[in-house]
Every structure is written in C-alpha cells, then in structure tokens.
Amino acid sequence: MSRRTKKAAPTPGATRPTVTVCRGCCCGTPAKVPRLNHEAQLADLRTQLAGVAMVRRTDCLDACERANVIVIQPSSEGRKAGGRPVWLGQVNDPDAAADITAWVQNGGPGLADPPGILDLYAFIPSRRVRHELED
C-alpha cells in the first residue's frame, strides 16, 4: 500500500504573476495624468495578460507622487527563483505598458529579466507601503 501525502491547495493567483494597477485618488485620474486613457490601459493589461497573470485594480498604493503606479509580483516559481515585487511609477505611456506586458508574458520577476527601459520606472516604496500590499 502506498502512502500519499496531501498537498496544500495552491493560493489563487500564486502560480501566476500578479499585476496590481493603482486606480485611486491620483493614479488613474485625468486630473493627475491627463494625456492617458486610464481605463484603456487597464483593459489592455487585462486582455494581453489573460491566462498569464492575475491583473487586479486597487484603490491606492500610497505612492501618489509617482502616478500611475503598477506593481508586478512574482509567481510562486518566480519567488522561489529569487524574484521580488517590482514597483513601477509614472507608467503613463502605452510603450511602458507594452514593456510590462512582454516581461510578464516571459515569466516576470525571478524568471525573466525586465526590459532595460523599465529601470527608469522602478522605485522602492516605503516599508509601510510594501507591507500593506503584501497583506
């Protein structure tokens, strides 16, 4: 008789990267960033990353001075490979969103190197803000 160990159920979305798009008081508003179609940006990310990553909208990531903010969290495989969440600010250009999409489609943090241009958007938020997102 063989012994089987019961595996824990996977956390929803953990097997895929998670892309969190801020659309609160500043991010996602024409008053702060007037030249961008914010809803189209979010819809494009959802369409392009369907089946590849979980794309979620949040009210505020508390980095308003860097509107629009997008955080890419690694998949469970990416985290095991050393990937950590990557915070990107001032993502107000369709080309930047396309670069994010290509990176996440290739595996995202820990599994694929981001396009070099995304270094211009990367920032490190305060510990308090990082902790709140991880909860």
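Under an unreviewed UniProt entry, the chain has the name (2Fe-2S) ferredoxin domain-containing protein and belongs to Streptomyces sp. NBC_01401.

Participant: Teacher, can you tell me more about the nonpolar core here?
Facilitator: Here is a general trend for soluble globular proteins: nonpolar side chains tend to be buried in one another's company. Ranked by internal contacts, the top residues of the largest apolar core, which has 18 residues, are Val 19, Ile 70, Ile 72 and Ile 100. Where this core is concerned, the elements lending two or more residues are β1 (18-22), α1 (38-48), β3 (70-73) and α3 (94-105). Top element by residues in this core is α3. It accounts for 4 residues. Residues contacting Ile 70, with those up to four places away along its chain left out, are Val 19, Thr 20, Val 21, Leu 45, Val 86, Trp 87, Leu 88, Val 91 and Ile 100. One finds Cys 22, Cys 26, Leu 36 and Val 69 within the second-largest nonpolar core, a separate group that totals 13 residues.

Participant: Please explain α1 as it appears in this structure.
Facilitator: Owing to its 3.6 residues per turn, the α-helix brings residues three or four apart onto one side. Within the span of α1, buried status applies to His 38, Gln 41, Leu 42 and Leu 45. Axial view of α1: buried residues confined to an arc of 95°, hence all on one face. Looking at the buried side of α1, the elements it contacts are β1, β2 (54-58), β3 and α3. One side-chain oxygen at the N-terminal end of α1 lies 3.4 Å from the backbone nitrogen of Glu 39; it belongs to Asn 37.

Participant: Help me understand unusual backbone geometry in this model?
Facilitator: For residues that are not glycine, phi is negative in most cases, and the peptide bond is trans in most cases. Backbone torsion omega between Ala 67 and Asn 68 reads 0°, so that peptide bond is classified as cis. Relative to the helices and strands, Asn 68 is located in the loop between β2 and β3. One non-glycine residue, Asp 62, lies in positive phi territory at about 60°. Among the secondary structure elements, Asp 62 is positioned in the loop between β2 and β3. Judged by relative accessible area, which is 36%, Asp 62 ranks as partly exposed. In this model, Gln 90 sits at a positive phi of 60°, which is unusual for a non-glycine residue. Structurally, Gln 90 is set in the loop between β4 (86-88) and α3.

Thresholds applied
- The residue numbering used here restarts from 1 in each chain and proceeds along that chain's sequence as written.
- Where totals are concerned, whole chains, interfaces and linings use all residues; where local detail is concerned, this predicted model gives features only for residues with pLDDT of at least 70, and gives and counts side-chain atom pairs only at 80 or more.
- Note that the side-chain values use all heavy atoms of the structure and ignore hydrogens as well as water.
- Nonpolar cores are built from buried Ala, Val, Leu, Ile, Met, Phe, Trp, Tyr and Cys residues. Side-chain atoms within 4.5 Å join them into one set.
- Type-normalised accessible area, obtained with a 1.4 Å probe on protein chains alone, sets the label of each residue: buried when under 20%, exposed when over 50%, and partly exposed for intermediate values.
- Helix and strand assignments come from DSSP, with helices taken as H or I runs of at least 4 residues and strands as E runs of at least 2, each series counted from the N terminus.
- Note on definitions: a residue-residue contact is assigned when non-hydrogen atoms from the two residues lie within 4.5 Å.
- As used here, the arc is the angular range of directions from the helix axis to the C-beta atoms.
- As used in this structure description, the phrase polar contact means that two N or O atoms lie within 3.5 Å; if the pair is within protein, one of them must be able to donate a hydrogen and the other to accept it, and residues adjacent in sequence are counted only when both atoms belong to side chains.

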